[in-house]
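Secondary and tertiary structure notes
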Amino acid sequence: MLEQTVTIVSNERDTDQYFRLVVRAPQITPLIQPGQFAHVRILPLKDALLRRPFSIFQVAGDTFSILYKNVGKGTEVLSRMRAGEELSVIAPLGHGFTVPAAGGETPLLVAGGYGMAAMFLLAQRSPQTGIVFVGGRRRVDILCEKDFAAIGWEVRVATEDGSHGEKGLVTQPLLAELKRSAVGRKLFACGPTPMLEAVGKIAEDIAVACELSMDEHMCCGVGTCLTCVIKVKAGDGWEYQRTCTEGPVFDSRSIAWEVAK
Ligand SMILES: Cc1cc2nc3c(=O)[nH]c(=O)nc-3n(C[C@H](O)[C@H](O)[C@H](O)COP(=O)(O)OP(=O)(O)OC[C@H]3O[C@@H](n4cnc5c(N)ncnc54)[C@H](O)[C@@H]3O)c2cc1C
Ligand code: FES
C-alpha cells in the first residue's frame, strides 16, 4: 500500500453518469490484486479532506483505472478533472477476491451497477473464463459488457425496466444457471447490499462457495476509524470486522446478515 500523488491520463464519460478515470501510478500497479480499492483524495475539492474509495477497475502497464458514478460532491468535482491534473491516492487497499486456481472452479460473477468495476481484474486474471451476470435499473446502468466480452467472458444482462437483457433482477438468470448446474462453480459478487444478501442466500441454499465485496461507507480506509465495520459470525455470536482491511471481500458464509440490520 502506497500513498502517492498521481497524474490523470484520461477521464472520459462512459455512459450517462459513469466515467472512466485512468491514472499513471508505476509503483502501485504491480501491487494490485483483484477486488482491491484505491482511496482517492480529490485535490480540487477544497472543503473535503475525506478520501473517496473506488474499486480498481483495470491495470494496463504503469496505469490503473477506476470506473465511477457521479453521485455527489466528490465525484462531481472528479468528473470535471482533466488529463494532466493530479490526485492523491492510497492504493492498493483491502483484502480482495481469491483468484480461481488453474483447473479449479468456474467463476460466476454477479455485479450490480458500478460493482462491475470490482470484477474486471478478477475475470482477467482467472485462468478459466466464466459467466458474468450484470444487473441494473436501466440500460445505462449496464457497464463494461464489451470489456468482458473482449476477454472471452459470456455476459448475461438483466435490467429492472427490461430495456436491455432479461427483465427483472440479476439474481433471476443467476439462479436459473445454478439450477442447470452448480457443481464446480463459485460465485463472486459486488453491488448494492440487498443484491449481495440475495446472492449470499442463493449460495447458501445451493451450497456453492461465494465471495462478496461489501462496499460500506468509509473514512480512513486503513483500519483506524471503524466507520466501515460490518457484523461477521464469530463462534456462537458475531463480531465487528472492518470492510477496509479485513474486507471489502468476505466469504458469504461469514456475514451475520440476521444481526446486520
Ligand atoms: C470499497 C469500495 C469500493 C467502491 N467502488 C466504487 C466504484 O468502483 N465506482 C463507484 O462509482 N463508486 C464506488 N464506491 C462508492 C464511492 O466511494 C462513493 O460513490 C463516493 O465516495 C461518493 O462520493 P461523493 O463525494 O461523490 O458523494 P457524497 O456527496 O459523499 O454522497 C453522495 C451519495 O453517495 C452515497 N455514497 C457515499 N459514499 C458511498 C459509498 N461508500 N458507497 C455507496 N454509496 C456512497 C451517499 O450515501 C450519497 O447518497 C465504492 C465504495 C467502497 C467502500
Ligand atoms: S474506513 Fe476507517 S476503519 Fe475502515
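Everything numeric here is computed off the predicted structure, so don't read it as measured data. (Residues numbered from 1 in each chain as written. Chains lettered and ligands numbered in written order. Predicted model: local features only at pLDDT ≥ 70, side-chain atom pairs only at ≥ 80, totals over all residues.)

**Here we look at the domain arrangement of the chain**
Under the convention used in this document: Throughout the structure description, domain borders are defined by an automatic or database domain assignment. For helices the rule is a DSSP run of H or I covering at least 4 residues; for strands it is a run of E covering at least 2, with both sets numbered from the N terminus onward.
The assigned domain composition of the chain is domain 1 (2-93) and domain 2 (106-213). Distance from the C-alpha centre of domain 1 to the C-alpha centre of domain 2: 24 Å. At four residues, the largest contribution of residues to the side of domain 1 that touches domain 2 is made by strand S6 (residues 63-69).

**Observations concerning the site of ligand 1**
Under the convention used in this document: For each residue, a C-beta atom is positioned from the backbone; the residue is called near a molecule or strand if that atom sits within 6 Å of it. In the scheme used here, Gly and all other residues not listed as nonpolar or charged are polar, with Ala, Val, Leu, Ile, Met, Phe, Trp, Tyr, Cys and Pro taken as nonpolar and Asp, Glu, Lys and Arg as charged.
Residues in close proximity to ligand 1 total 21 residues, the closest being Arg 52, Tyr 68, Gly 72, Gly 74 and Thr 75. At the level of secondary structure, the elements contributing two or more residues to the shell around ligand 1 comprise strand S4 (52-55), S6 and helix H1 (73-79). Its residues assigned to classes, the shell around ligand 1 comprises 11 nonpolar, five polar and five charged.

**Comments concerning the pairing of strand S8 (residues 106-112)**
Formally: For the exposure call, what matters is how many other C-beta atoms sit within 10 Å of a residue's own: 20 or more marks it buried, 12 or fewer exposed, and in between partly exposed, using C-beta atoms placed from the backbone. Pairing between two strands requires that DSSP report at least two bridges joining them.
Counting buried residues along S8, six of its seven residues qualify, which places the element largely inside the surrounding structure. Note: S8 against strand S12 (residues 185-190), six bridges, orientation parallel. When the sheet's bridge partners are listed, Ala 111 is paired in S12 with Cys 190. Strand direction decides the pairing type here: S8 and strand S9 (residues 131-136), joined by five bridges, are parallel. Bridging across to S9, Val 110 finds its partner in Phe 133.

**Overview of the nonpolar core**
Generally speaking, nonpolar side chains in soluble globular proteins are found buried as a group. Formally: As used throughout, a nonpolar core is a set of buried Ala, Val, Leu, Ile, Met, Phe, Trp, Tyr and Cys residues joined through C-beta atoms within 7 Å of each other. Each residue is represented by a C-beta atom placed from its backbone, and any two residues with such atoms within 7 Å are regarded as in contact.
Ranked by size, the top nonpolar core spans 70 residues in total, and within it Leu 109, Val 110, Met 119 and Val 199 carry the most contacts. Structurally, this core is a two-domain feature, drawing no fewer than three residues from each of domain 1 (2-93) and domain 2 (106-213). Contact partners of Met 119, with chain neighbours within four places excluded, come to Leu 109, Ala 111, Val 132, Phe 188 and Cys 190.

**Some details on the environment of Glu 211**
Relative to the assigned elements, Glu 211 resides in strand S13 (residues 209-213). For Glu 211 and Arg 138, which are 73 residues apart along the polypeptide, the C-alpha to C-alpha distance reads 26 Å. Those residues in contact with Glu 211, other than ones at most four positions away along the chain, are Phe 97, Thr 98, Phe 188, Val 249, Asp 251 and Ser 252.

**Structural notes on helix H4 (residues 171-180)**
The test is simple: Taken from the helix axis, the directions to the C-beta atoms give the arc we talk about.
Buried residues of H4: Thr 171, Pro 173 and Leu 174, and no others. All buried residues of H4 lie within an arc of 165° about the axis, which places them on one face of the element. Exposed residues lying more than 90 degrees from the buried face of H4 are Ala 176, Lys 179 and Arg 180.

**Section: the sheet that holds strand S2 (residues 18-24)**
Sheet strands pair by backbone hydrogen bonding; their relative direction is either parallel or antiparallel. Basically, it comes down to this: Axes, fitted as lines to C-alpha atoms, cover a helix only where it is in contact. Angles between the N-to-C directions of the axes lie from 0 to 180 degrees.
Strand order in this open sheet of seven strands is S4-S3-S7-S1-S2-S6-S5, and the pairing throughout is antiparallel. Of all the strands in the sheet, just S4 and strand S5 (58-60) have a single pairing partner and so form its edges. When the angles between neighbouring strand axes are averaged without regard to direction, this sheet yields 35°. Summarising the sheet, S5 and S6 pair through three bridges and their orientation is antiparallel. Looking at S6, one finds that Val 59 is bridged to Phe 64.

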